Amino acid sequence: MSRPFPLPGARARYAPDRVVDVEHIKLDLRLDVDARRIEGTCATTVTPILDGVRRLTLDAVELDVHEVALAGGGALEFRHDGKRLQIDLGRERKVGWWVLADGDEGPLARLGPDALSAELAVLLHGSDDARRVHTILRDQRTVAGIGRGYADDVLHRARLSPYATPASLSPEQLETLSASVREVLEEALEIERRRTGGLPTKLGDHFAAHGRWGQPCPRCRGDLRRVSYEAYEVTYCPSCQTGGKVLADRRLSRIVR
Ligand SMILES: [Zn+2]
């Protein structure tokens, strides 16, 4: 015996304000034949259509709803009038995106200008930032979009020491630096756009210098070196970037001493 019936959230009959696509629905039901009751859970996977989805309205097909929660746990506020189920998503961070109200920039408010914007060159030229360029490039509050890996590759491309400061660089070197940021990031984006099968557990299978210490420099074939810090390493090429000078590696110095 079978009879078609709508699934919770499957397709609202009229939904001009639909903000998500329903990707998958999994029903886990227990039948109480004597009491003529069905009880269970419905897991619905949705993909946002719009940015900043804060509230979700699903067709509740006249079921009683006792609890609404995110897949990872965490109960959500909801309202239910027998026909519609309104779920308040609040400001949960989930799989890398934020759910925010209109006009609320959330964590983006603390970000510096995008690394690919023209603002980067302006920011570097005549900068009185006394920090090393490697530090400046990977500080998301100063410029957004460059991590440690790409900071290594950018400086390798620009043939600049990771220890250089903006004030120590000539206008030409600063120009090369901005151009290298653009080139390295645009090439990386090209590669990422071609990637299939999801992200690897460790990014950086296409870095030119980053993480490749001990291997030959792709430009001069000399050995790439590293400077180790507590939680990360800076990789560079002495011949291309520091005039042959090997930068002090505290970990290495401790062993040598
Ligand atoms: Zn080199």
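Quick summary incoming for the structure in this document. (Residues numbered from 1 in each chain as written. Predicted model: local features only at pLDDT ≥ 70, side-chain atom pairs only at ≥ 80, totals over all residues. Heavy atoms only, no water.)

**Details of the overall build of the chain**
In step 1: When you go through the chain residue by residue, the secondary structure sums to six helices and eleven strands.
In step 2: In the chain, which comprises 257 residues, the share counted as buried stands at 30%.
In step 3: Sequence separation of at least 24 residues holds for 48% of the intrachain contacts in the chain that already meet a minimum separation of 6.
In step 4: For the chain, the exposed surface amounts to about 17300 Å²; the carbon and sulfur share of it is 51%. (Helix = DSSP H or I, 4+ residues; strand = E, 2+ residues; numbered from the N terminus. Buried < 20%, exposed > 50% of the residue type's maximum accessible area, 1.4 Å probe, protein only. Contact = heavy atoms within 4.5 Å. Areas by Shrake-Rupley, 256 points an atom, 1.4 Å probe, with all protein chains shown as cover.)

**Focus: helix α4 (residues 171-194)**
Spacing of three or four residues puts side chains on the same side of an α-helix, whose turn is 3.6 residues.
In step 1: End to end, α4 covers 35 Å across 24 residues, agreeing with the expected 34 Å (1.5 Å per residue, within 8%).
In step 2: Among the residues of α4, those classed as buried are L174, L177, S178, S180, V181, V184, L185 and A188.
In step 3: Residues of α4 that are buried sit in contact with α1 (119-124), α2 (133-137) and α3 (148-158). (Expected span 1.5 Å × (residues − 1).)

**A word on the environment of D59**
In step 1: Structurally, D59 is set in strand β3 (residues 55-59).
In step 2: Along the backbone, D59 and K83 are 24 residues apart, and their C-alpha atoms lie at a distance of 6.2 Å.

**A look at the packing of α3 against α4**
In step 1: Between α3 and α4, the shortest axis-to-axis distance is 8 Å and the interhelical angle comes to 125°. On the basis of the axis angle, α3 is oblique to α4. With respect to the hand of their crossing, α3 and α4 are arranged in right-handed fashion. Counting all contacts with α3, which are made through Y150, D153, V154, L155, R157 and A158, the residues of α4 involved are T176, L177, S180, V181, E183, V184, L185, E187, A188 and E192.
In step 2: Split into classes, the residues belonging to the contact of α3 with α4 amount to nine nonpolar, two polar and five charged. (Axes fitted to C-alpha atoms, helices over the stretch in contact; angles between N-to-C directions. Parallel < 35°, antiparallel > 145°, perpendicular 65-115°, else oblique. Left-handed = near helix turned anticlockwise from the far one by under 90°. Nonpolar A, V, L, I, M, F, W, Y, C, P; charged D, E, K, R; others polar.)

**A short note on the nonpolar core**
In step 1: Core analysis: the biggest nonpolar cluster contains 22 residues, and L137, I146, Y150, L169, L177 and V181 have the highest contact counts within it.
In step 2: Secondary structure elements with two or more residues in this core: α1, α2, α3 and α4.
In step 3: Examining the composition of this core, we find that six residues originate from one element, α4, more than from any other.
In step 4: Here L169 is in contact with V133, L160, A164, L174 and L177, once residues within four sequence places are set aside.
In step 5: In terms of nonpolar packing, the next biggest core, distinct from the first, is built from twelve residues, A60, V68, L70 and I87 among them. (Core = buried A, V, L, I, M, F, W, Y, C linked by side-chain atoms within 4.5 Å.)

**Regarding the packing of aromatic side chains**
In step 1: All told, the structure shown has one aromatic pair when counted by the stated rule.
In step 2: Look at Y150 and F207: their rings are 4.9 Å apart centre to centre, the planes differ by 65°, and that puts the pair in the edge-to-face class. With Y150 in helix α3 and F207 in the loop between α4 and β10 (225-228), this residue pair connects regions lying 57 residues apart in the sequence. F207 matches Y150 in its accessibility class, with the two residues each being buried.
In step 3: Between R132 and the ring centre of Y163, over which it is positioned, the NZ or CZ distance is 3.6 Å. (Phe/Tyr/Trp six-rings, centres within 6.5 Å; stacked < 30°, edge-to-face > 60°. Lys NZ or Arg CZ within 6 Å of the ring centre and 35° of its normal.)

**Structural notes on the sheet that holds strand β6 (residues 77-80)**
In step 1: Judged by pairing direction, the sheet is antiparallel, and its three strands sit side by side in the order β3-β7-β6 without closing on themselves. Of all strands in the sheet, those bounded by a partner on one side alone are β3 and β6. Strand-to-strand twist of the sheet, defined as the mean angle between neighbouring strand axes without regard to direction, takes the value 20°.
In step 2: Where β3 meets strand β7 (residues 84-88), five bridges bridge the pair, whose relative direction is antiparallel. Within the sheet, the bridge partner assigned to R55 lies in β7 and is D88. (Pairing = 2+ DSSP bridges.)

**A short note on the environment of L108**
In step 1: Along the chain, L108 falls in the loop between β9 (97-98) and α1.
In step 2: C-alpha of L108 to C-alpha of R141: the two residues are 33 residues apart in sequence and 9.4 Å apart in space.

**Some details on a nonpolar patch on the surface**
In step 1: On the surface, L27, L29, L31, V33 and I38 cluster together into a nonpolar patch covering about 520 Å² of accessible area.
In step 2: Ranked by the residues each element gives to the nonpolar patch, the list is headed by strand β1 (residues 20-32), at three residues.
In step 3: Residue placement: V33 occurs in the loop between β1 and β2 (37-48). (Patch = residues over 30% accessible without salt bridge, like charges linked within 9 Å, V, L, I, M, F, W, Y side chains within 5 Å. Salt bridge = Lys/Arg side-chain N within 4 Å of Asp/Glu carboxyl O.)

**What about unusual backbone geometry?**
In step 1: The phi dihedral of R159 falls on the positive side, at around 55°, and the residue is not glycine.
In step 2: Tracing the backbone shows R159 in the loop between α3 and α4.
In step 3: A positive phi is found at R221, a non-glycine position, where the angle reads about 70°.
In step 4: Take R221: it is sitting in the loop between α4 and β10.

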